[in-house]
Amino acid sequence: MQNSAYIGRFAPTPSGYLHFGSLVAAVASYLDARSVGGRWLLRMEDLDPPREVTGAQAAILDTLERYGLHWDGELVRQSDRHGEYAALVQRLFDQGLAYACICSRKQLEGSGGIYPGHCRNAGHAGHDAAIRLRVPELTYRFSDRVQGEYSQHLGKEVGDFVIRRRDGLYAYQLAVVLDDAWQGVNNVVRGADLLDSTPRQLYLQELLGFSQPRYLHVPLIIQPDGHKLGKSYRSPPLPGDQATPLLIRALRALGQPAPDELADASAEELLAWSARHWDAALVPRTRNLAESQLR
Ligand SMILES: [Zn+2]
């Protein structure tokens, strides 16, 4: 059953190694694509070299291979796409859809993360400044395949957001929208920590005339101390020789338990079975899952 229409992707950030939470997201996006014969692309979101862990890119690719998560086509690196991001930022700036912001961190204190708009009409020059995208006073909503209806008022809940930082680094929101469209991605399956980024991405898609992908946000795996895996501190790489048991655990987290007979299967055999039995409707409809519940 080859469905050339479905194009999904996994887009890890090399600020750390793959951890169990990112494995859950990778497995979900892989199975959702493979279950309908779709393509599964890989994009390295290496936009922030200062935060990159040396060796993490190679380790992520090695883990994916060892865990049977074989991707289609060439790996895309965002670090190779600065020219495209720069051209887009310039275009949005020239069209007045974005503007330069020279606010210091101190000036932004106390605004609760919502930009108060100091520079909105100041007409600052674009160099040596952050570039912010003007957001409309509108609510953006979408229907997530697992999390259900989600809406956010961009003006009240987000404010004008940075698309290029003052230090010249491009923002995730900008790159992800441009790259998903460029790669033809029409199905985004990722962790629920990105649920509240989605309305900003919907606005960018609308602005750029891109079609909206379908979204499926899988639960985040939370450790017993309440921390999100992999974000607050460095998780070790997933053990290369534990692919099958950890895949079985990831499948359990996704509400797709594998039969006991597959406990000794290879990663590829296990994933092939799982693709045949994948049912997105069984993914727990929650944003967080405790890791302790999965043992
Ligand atoms: Zn400002």
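Residues numbered from 1 in each chain as written. Predicted model: local features only at pLDDT ≥ 70, side-chain atom pairs only at ≥ 80, totals over all residues. Heavy atoms only, no water.

The helix and strand tally for the protein stands at nine helices and twelve strands. Here the C-alpha radius of gyration of the protein, 20 Å, is about what a compact globule of 295 residues would show, namely 19 Å. Considered along the principal axes of its C-alpha atoms, the protein spans approximately 65 × 40 × 35 Å. Expressed as a percentage of its 295 residues, the buried residues of the protein come to 54%. Taking all contacts inside the protein whose residues are at least 6 apart in sequence as the whole, residues at least 24 apart take part in 77%. Accessible area for the protein stands at about 13700 Å²; split by element, carbon and sulfur atoms hold 49% of it. Within the protein, one finds 32 positive and 34 negative side-chain charges whose respective centroids are separated by 6 Å. (Helix = DSSP H or I, 4+ residues; strand = E, 2+ residues; numbered from the N terminus. Rg over C-alpha atoms; globule rule 2.2 N^0.38 Å. Buried < 20%, exposed > 50% of the residue type's maximum accessible area, 1.4 Å probe, protein only. Contact = heavy atoms within 4.5 Å. Areas by Shrake-Rupley, 256 points an atom, 1.4 Å probe, with all protein chains shown as cover. Lys, Arg positive; Asp, Glu negative; His and termini not counted. Charge placed at Lys NZ, Arg CZ, Asp CG, Glu CD.)

To continue, consider the domain arrangement of the protein. Taken domain by domain, the protein holds domain 1 (7-78 + 184-191 + 212-294) and domain 2 (82-172). Computed over C-alpha atoms only, the centres of domain 1 and domain 2 are separated by 29 Å. Here domain 1 meets domain 2 over a buried area of about 1500 Å², counting both sides, of which 46% is carbon and sulfur. The interface formed by domain 1 and domain 2 contains two salt bridges. (Domains from an automatic or database assignment. Buried area = accessible area lost by both parts, 1.4 Å probe. Salt bridge = Lys/Arg side-chain N within 4 Å of Asp/Glu carboxyl O.)

Considering all chains together, one arrives at eleven salt bridges under this definition. Residue Asp 62 is joined to Arg 66 by a salt bridge in which the shortest nitrogen-to-oxygen separation is 2.8 Å. Taken together, the residues Asp 62 and Arg 66, both in helix α2 (residues 56-66) and four residues apart, mark about one turn of the helix. Residue class for Asp 62 comes out partly exposed when judged on its relative accessible area of 38%. Note that Glu 291 and Arg 249 form a salt bridge whose closest N and O atoms lie 2.9 Å from each other.

Our focus in this paragraph is the coordination of the zinc ion. At the metal site, the zinc ion is ligated by Cys 101 (SG), Cys 103 (SG), Tyr 115 (OH) and Cys 119 (SG), and these contacts range over 2.0 to 2.3 Å. Around the zinc ion sit four donor atoms; with metal-centred angles ranging over 103 to 123 degrees, the donor geometry is tetrahedral. Taken in sequence order, the residues that donate to the zinc ion follow the motif C-x1-C-x11-Y-x3-C. (Donors = N, O, S within 2.8 Å, 3.2 Å for Na, K, Ca; no water. Tetrahedral: all angles 85-135°; square planar, octahedral: opposite > 155°, others 65-115°.)

Let's shift gears to the side chain of Arg 43. With respect to the helices, strands and loops of the structure, Arg 43 is situated in strand β2 (residues 39-44). Looking at Arg 43, the relative accessible area reads 0%, which means it is buried. A distance of 2.8 Å separates the side chain of Arg 43 from the side chain of Gln 183, its partner in a polar contact. Each residue touching Arg 43, except ones within four places of it in the same chain, is listed here: Arg 9, Phe 10, Ala 11, Pro 12, Leu 75, Val 76, Gln 78, Val 176, Asp 179, Asp 180 and Gln 183. (Polar contact = N/O pair within 3.5 Å; in protein donor to acceptor, adjacent residues only side chain to side chain.)

We now examine the layout of surface pockets. Considering only enclosed or pocket space, the second largest pocket measures out at about 270 Å³ in volume. Every residue lining the second largest pocket is listed: Cys 101, Cys 103, Ser 104, Arg 105, Leu 108, Ala 130, Arg 132, Val 162, Arg 165 and Arg 166. When grouped by side-chain class, the residues that make up the lining of the second largest pocket number five nonpolar, one polar and four charged. (1 Å grid on protein atoms, 1.4 Å probe; cavity = no way out; pocket = protein on both sides within 12 Å on 5 of 7 lines; lining within 4 Å. Points joined across faces, edges and corners; volume = space filled by probe spheres on them. Nonpolar A, V, L, I, M, F, W, Y, C, P; charged D, E, K, R; others polar.)

At a closest axis distance of 8 Å, the pairing of helix α1 (residues 20-34) and helix α9 (residues 267-277) adopts a crossing angle of 60 degrees. Judged by the angle between their axes, α1 and α9 are oblique. In terms of crossing hand, the pair formed by α1 and α9 is right-handed. For the pair α1 and α9, the contacting residues are Tyr 30, Leu 31 and Arg 34 in the first and Leu 271, Ser 274 and Ala 275 in the second. Taken together, the residues of the contact of α1 with α9 break down into four nonpolar, one polar and one charged. (Axes fitted to C-alpha atoms, helices over the stretch in contact; angles between N-to-C directions. Parallel < 35°, antiparallel > 145°, perpendicular 65-115°, else oblique. Left-handed = near helix turned anticlockwise from the far one by under 90°.)

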